[in-house]
Amino acid sequence: MAQGSALAMIGRRLLQAAPVIVLATFIVFGLLKLLPGDVAVTLAGDNATDERIAEIRRIYGLDRPFLVQYGVWLWKAAHGDLSQSILSGEQVVTSIARCFPHTLLIVVMALGLALLIGVPLGAAAAARPNGPVDRATMTLASIGIAVPNFWLAMILVSLFALRWNIFPATGATAFSVSPTDAINHAILPALALAAGGMAEVARQVRGSLLDVMSSQFVRTLRAKGLKTSTILWRHGLKNIAVNLLTVTGLLFNRLLAATVVVEAVFAIPGMGGLIVHAAIQRDFTVVQGVVFAMVIVVILVNLVTDMLCAAVDPRIGR
Amino acid sequence: MGYDDKFARLSRREAMALASAAGAAALINSPAFAQGTPKKGGVLKVSANANPSSLDPQTGGAGSDHTMLFPMYDTLVEWDYETLKPKPGLAESWSFTDPQTLVMNIRSGVTFHDGTPLDAEAVKFNLDRAKTEQRSNIKADLATVASVATTGPQQVTLKLSQPDAALPGILSDRAGMMISPTAVKASGNIDRKPVGAGAYQFVSWTDNEKIVIKRYDKYWRANERHLDGIEFAIIPELATGVRSVIAGQNHVAYSLPARQKAVLKRASNINQASGPTVYCQQIYFNWGRPPFDDIRVRKAINHAVDRATFVKATLDGVGEPAFMNLPSSHWAYDAEVAKLYPHDPDKARALLKEANIPQGFELDLIGYTDQDSIRREEILIEQFAKVGLKAKFTNGSIAEMSAAFFGKDKKGAGLLSAWTGRPDPSLTYTLLYSKNSYFNAARADVPAGLPEALAATRASENIDARKKAFATVQRIVMENALACPLAFQFELDALSPKVKGFKPNLLGKPKYEGVWLES
């Protein structure tokens, strides 16, 4: 891929991102406003009178028209200011900077586990379609997809944390504070998240490999006398790289969303906890900020995936 | 601190008040894990149930804040753990020189964490700020305070617009938490930089993650405080909080739902603590419109519920039936009022017939989506069906559904929710059953005589007179069936065996006075 076309692709993608961000944050903002109740009720406290709630709406500008409120937020965001939390007064950027690394660590570890286990499983299954390994792998994969991750999370906690005391049951440590402690805390949540991903990777790898293995060039390779395993690992995997990259990119985005539940089970102060807490309390600046950040992450991940695909398969870049 | 020391510090009036409630205190079944001699040192790790709304007691609003505020802010008045009767705190004594004048003598030698002396000026500054600061959420609490004057270096005199014997109780809550005037004047907003005069001073607050406080060396009761500090790990998912205690990451998880009792029982290394609280589960009625504008329907509901079964089925015994908004161990509980609504399906059916409510009538109720709420709803649906009512619950999040019911939308005829309780019962009854209160969903008229009866509970500071006045209030409220109280949810705490000296309290908001850690 020529350098010029890569830059053009990045530029094009970033331009496309702008309307996506506006649309996504607008829809979320609209949904928050459609729900009854607002942050003023929370701010007013337990003994609130109607007058007090109305007063708070005035103080925080919550009584202004819907579009004005959204416009003010968007204008500030466009200038790099994600505002501050209405409830806690903390800058939203600060909250996100604190929470995102926790979430990122679990997602990256889960993704790593999914690939590390899913790819060999899928390849082993494809080596002998309908053989015992294949059957076992696919059964396992079906279970992996069917089991809800919060349930698996609780089972993992009760075994590895409560019974055997190997890993901590809750909480998180920042990677920057202590990498080993951070990883130690992230292992169980990552495992719980990875199960579904593992299964999906295994199925995708198996399916794509079977396609490749039935193609003509593989027949030629066989005719040349190469062993099945050589064909599989050297030629097969190279040919399914684009598929695998695409699956990985999608998986990353899905894992990011799945952390909402898993973070609650493990009391991890990540992005999931941040947005759930904010949405319940109608702290819309925080919700908007998290959505904003997530949209950017997803767009970036897609961009990187596409660029990698183009690098692996020159046909795509053209 | 032993019980005897506490008794010795009480004024004569307090001692008399306590004596009258001795029977109530005996009912407490909480094991105080107080064996052995307290050891100094160690950091208590608490699984906290919610991120605080603010660490400024005047601008915050959530009932879940108190357990994190108490260690940092001492209050003018404190309360007895078992009965919630007021006792001296930062104010070493007080008296009503006439029904509209409250004189408080402030303990001398107490300082805030920033070194500012806690004197009459500081108290006046705090009370004035609570009444005037734009963001203050406790203006209503101090509505009867007309003015505050310093009448000595350590004495303030509160002039009241009307008699208000509830003030000592009110000053044991948010309004009595003293904030350093220096800190407020310096920054105006101390939501995230609290400075009080409590046993522990603020170190850090990471939103939704952790609050760290450390011991304040110049605390006026330093020798009754044993810990080096407290860390609150914020874990809103209570089952996760319990797991963190079982795994040894935290020492305490509090205010747990009853179904966690079985989990705690199975865990070998956990102590349980439980005791009565003023936390009342109840059905709020919108009594301004059909069907609950008809007193007969409200009464029928009260007769239709089988409270004993309800407690057994939903609280696993960690609670007691509620017949009014005070539990049986409270000093103002009235045993006669408790007899008004025995479980009586026949009477309920008769009342409904009288009110022309047909069999199979659909009750439009509102509730919450959490597991415990659903369980409560299932029991009620069953019990209402037995008197020919079809209960239909619309569920949502607490914030959403409460706003829908109490706010301007006025959805639903009734709301299955709870009342978290207040240190003084007059606050509870005023907030729940006044014409313009937020919790009177329809802002409908209240029964004749209720406002006067409520005023009477604040007219005298004599505890027997107040008890009598509250009996009248409770009778009016319950004879008119303005709500259907169901059950008092008892406090249930999970404690690491290392935790000693912890005692639950009737308010249901844990305090950590006298707690120490065994090494």
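Throughout this description, residue numbers start from 1 for each chain and increase along the sequence as written. Here every chain gets a letter starting at A, and every ligand a number starting at 1, in the order they are written. Local features in a predicted model are, by the rule used here, given only for residues with pLDDT of at least 70; side-chain atom pairs are given and counted only at 80 or more, and totals for whole chains, interfaces and linings are based on all residues. With hydrogens and water stripped out, all remaining heavy atoms of the structure feed into the side-chain values.

Enquirer: Would you mind going over the overall build of chain A with me for this structure?
Expert: Helix numbers and strand numbers start at the N terminus; a helix is a DSSP run of H or I with at least 4 residues, a strand a run of E with at least 2. Looking only at helices and strands, one finds 14 helices and zero strands in chain A. Its helices and strands taken in sequence order, chain A reads α-α-α-α-α-α-α-α-α-α-α-α-α-α from the N to the C terminus. Across its three principal directions, the C-alpha atoms of chain A cover 85 × 55 × 35 Å. Counting the 318 residues in chain A, one finds 46% classified as buried. Throughout this description, buried means an accessible area under 20% of the type-specific maximum (1.4 Å probe, protein chains only), exposed means over 50%, and partly exposed covers the range between.

Enquirer: Help me understand the overall build of chain B in this model?
Expert: When you go through chain B residue by residue, the secondary structure sums to 17 helices and 21 strands. Relative to the compact-globule value of 24 Å for 519 residues, chain B shows a C-alpha radius of gyration of 23 Å, a close match. Overall, the C-alpha framework of chain B stretches about 70 × 55 × 45 Å when taken along its three principal axes. Counting over 519 residues, chain B shows a buried share of 61%. Summarising the internal contacts of chain B: among those between residues at least 6 apart in sequence, 71% fall at separations of at least 24. Each radius of gyration reported is based on C-alpha atoms, and the globular scaling rule is 2.2 Å times the count of residues to the power 0.38. Contacts are assigned to residue pairs that have any heavy atoms within 4.5 Å of one another.

Enquirer: Is there a simple way to think about a nonpolar patch on the surface in this case?
Expert: Residues and elements named next belong to chain A. A surface patch of nonpolar side chains, about 640 Å² in accessible area, is lined by L23, F26, I27, L31, L34 and L67. Ranked by residues supplied to the nonpolar patch, first place goes to helix α1 (residues 3–34) with five residues. Its location among the elements puts L31 in helix α1. Each patch is built from residues that are more than 30% exposed by relative accessible area and take part in no salt bridge. Like charges join if they lie within 9 Å; nonpolar side chains (Val, Leu, Ile, Met, Phe, Trp, Tyr) join within 5 Å. Note on areas: Shrake-Rupley with a 1.4 Å probe; residue coverage comes only from the protein chains shown. Salt bridges are counted wherever a side-chain nitrogen of Lys or Arg sits within 4 Å of a carboxyl oxygen of Asp or Glu.

Enquirer: Got a minute to help me understand the confidence of the model for chain A in this structure?
Expert: When pLDDT drops low, the exact placement of atoms in the prediction is not to be read closely. pLDDT is a residue-level measure of predictor confidence that goes from 0 to 100. Averaged over chain A, the pLDDT score is 86; the fraction of residues at 70 or greater is 96%. When mean pLDDT is compared element by element in chain A, helix α5 (residues 92–127) of chain A scores highest at 92, while helix α14 (residues 314–317) of chain A scores lowest at 70.

Enquirer: I would appreciate a short explanation of the packing of α5 of chain A against helix α13 (residues 284–312) of chain A in the present structure.
Expert: Axes are the key here: two packed helices are described by the angle between their axes and the distance separating the axes. Residue and element names in this part refer to chain A. For the pair α5 and α13, interaxial distance at closest approach is 10 Å and the crossing angle is 55°. Here α13 runs oblique to α5, going by the angle between their axes. Here α5 and α13 pass one another in a crossing that is right-handed. For the pair α5 and α13, the contacting residues are V92, I96 and F100 in the first and T285, V286, G289, V290, A293 and V297 in the second. For this scheme, ten residues count as nonpolar: Ala, Val, Leu, Ile, Met, Phe, Trp, Tyr, Cys and Pro. Four count as charged, namely Asp, Glu, Lys and Arg, and the remainder, Gly too, count as polar. For the contact of α5 with α13, a count of residues per class yields seven nonpolar, two polar and no charged. An axis is simply a line fitted to the C-alpha atoms; with a helix, the fit covers only the stretch in contact. Between two such axes, the angle follows the N-to-C directions and lies from 0 to 180 degrees. Comment on the angle field: the value is read as roughly parallel under 35 degrees, roughly antiparallel over 145, roughly perpendicular from 65 to 115, and oblique elsewhere. Helix crossings fall into two classes, left-handed where the near helix is turned counterclockwise from the far one by less than a right angle and right-handed where it is turned clockwise.

Enquirer: How should I be thinking about the sheet that holds strand β19 (residues 491–495) of chain B in this particular structure?
Expert: In sheet architecture, strand pairing relies on hydrogen bonds along the backbone and comes in two forms, parallel and antiparallel. Residue and element names in this part refer to chain B. In spatial order, the strands read β8-β9-β10-β1-β11-β19-β12; together these seven strands make up an open sheet with mixed pairing. For this open sheet the edge positions go to β8 (200–206) and β12 (271–275), each flanked by a neighbour on one side alone. Alignment of strand β1 (residues 43–48) against strand β10 (residues 229–234), held across six bridges, turns out to be parallel. Bridge assignment links S47 to a residue of β10, and that residue is A233. Paired strands are those between which DSSP finds at least two bridges.

Enquirer: What's the story with helix α7 (residues 149–163) of chain A in this structure? I'm lost.
Expert: Residues spaced three or four apart along an α-helix face the same direction, because each turn holds 3.6 residues. Expected helix span is given by 1.5 Å per residue-to-residue step, counting one fewer step than there are residues. In a regular helix each residue adds 1.5 Å, so 15 residues correspond to 21 Å; α7 of chain A covers 20 Å between its end C-alpha atoms and thus fits that length. For α7 of chain A, the principal kink sits at V157 of chain A and spans about 30°. Three or more residues of α7 of chain A are buried, namely A153, L156, V157 and A161 of chain A. Buried residues along α7 of chain A sit in contact with α8 (179–213) and α11 (241–266) of chain A together with α8 (238–246) of chain B. Once α7 of chain A ends, the next one or two residues include N165 of chain A, with phi positive near 55°. Here the bend at a residue means the angle between the axes of two seven-residue stretches, the one that ends at it and the one that starts at it.

Enquirer: How do you make sense of the packing of aromatic side chains when you look at a structure like this?
Expert: Side-chain rings of Phe, Tyr and Trp (the six-membered ring for Trp) are treated as a pair once their centres are within 6.5 Å; stacked means planes under 30 degrees apart, edge-to-face means over 60, and tilted covers the remaining angles. Within this structure, the stated rule accounts for 24 aromatic pairs over all chains. An angle of 80° between the planes, with centres 5.6 Å apart, marks the rings of F160 of chain A and W164 of chain A as edge-to-face. What makes F160 of chain A partly exposed here is its relative accessible area of 24%. Given a relative accessible area of 48%, W164 of chain A falls into the partly exposed group. With 5.9 Å between their ring centres and 75° between their planes, W331 of chain B and F470 of chain B make a pair best called edge-to-face. Here W331 of chain B is found in the loop between β14 (319–321) and α12 (345–354), whereas its partner F470 of chain B is found in helix α17 (residues 463–479), with 139 residues between them in sequence.

Enquirer: Honestly, the sheet that holds strand β4 (residues 91–98) of chain B in this entry has me stumped. Any pointers?
Expert: Residue and element names in this part refer to chain B. Within the open sheet, the four strands sit side by side as β4-β5-β7-β6. Their pairing is antiparallel. Of all the strands in the sheet, just β4 and β6 (145–152) have a single pairing partner and so form its edges. Shown here is a sheet whose adjacent strand axes are inclined to one another by a mean of 20°, direction ignored. Bridge count between β4 and strand β5 (residues 101–106): six bridges; the pairing is antiparallel. Its bridge partner lying in β5, A91 is registered against I106. Together, β5, β6 and β7 (155–160) form the strand contacts of helix α5 (residues 120–132), whose direction differs from that of β6 by roughly 170°.

Enquirer: I keep staring at the environment of F112 of chain B and nothing clicks. Help me out?
Expert: Residues and elements named next belong to chain B. Looking at the secondary structure, you find F112 in the loop between β5 and α5. Take F112: its relative accessible area is 0%, and that puts it in the buried class. When sequence neighbours within four positions are dropped, the list of residues in contact with F112 reads P117, L118, A122, N126, M178, I179, S180, P181, V195, G196, A197 and Y216.

Enquirer: Sorry, what's going on with the side chain of Q282 of chain B here?
Expert: All names here are of chain B. With respect to the helices, strands and loops of the structure, Q282 is situated in strand β13 (residues 280–285). With a relative accessible area of 0%, Q282 lands in the buried category. Only 3.2 Å separates the side chain of Q282 from the side chain of N325, close enough to count as a polar contact. Non-local contacts of Q282, meaning those with residues more than four positions away in its chain, are made with N325, L415, L416, S417, A418, W419, L432, Y433, A483, C484, P485 and L486. Residues adjacent in sequence count toward polar contacts only when both atoms are side-chain atoms; beyond that, a polar contact is any pair of N or O atoms within 3.5 Å, and within protein one must be able to donate a hydrogen and the other to accept it.

Enquirer: Would you mind showing me how to read the interface of chain A and chain B here?
Expert: When the parts of a complex come together, some accessible area is lost, and that lost area is often used as the size of the interface. Taken together, the contacts link 41 residues of chain A with 35 residues of chain B. Buried area is a sum: the accessible area each of two parts loses on coming together, probed at 1.4 Å, counted once for each and added. Summed over both sides, the interface of chain A with chain B buries roughly 3,100 Å², with 48% coming from carbon and sulfur. The tally of links from chain A across to chain B stands at two salt bridges. Residue E55 of chain A is joined to K139 of chain B by a salt bridge in which the shortest nitrogen-to-oxygen separation is 3.8 Å. The interface formed by chain A and chain B includes six residue pairs in polar contact (both at pLDDT 80 or more). Its residues placed into classes, the side of chain A that touches chain B shows 24 nonpolar, ten polar and seven charged.

Enquirer: How should the pattern of salt bridges be read in this particular structure?
Expert: Oppositely charged side chains can pair when the atoms bearing their charge come close. Residues and elements named next belong to chain B. If you walk through the whole model with that rule in mind, you get 27 salt bridges over all chains. Linking K339 and E336 is a salt bridge whose minimum nitrogen-to-oxygen distance equals 3.1 Å. Residue K339 is classed as exposed on the basis of its relative accessible area, which comes to 57%. We note a salt bridge from E518 to K500, for which the minimum N-O separation is 3.9 Å. Residue E518 is found in the segment after β21 (516–517), and its partner K500 is found in strand β20 (residues 499–500); the two are separated by 18 residues along the sequence. Judged by its relative accessible area of 12%, K500 is buried. The network of salt bridges with common partners includes D74, E78, K87 and R221.

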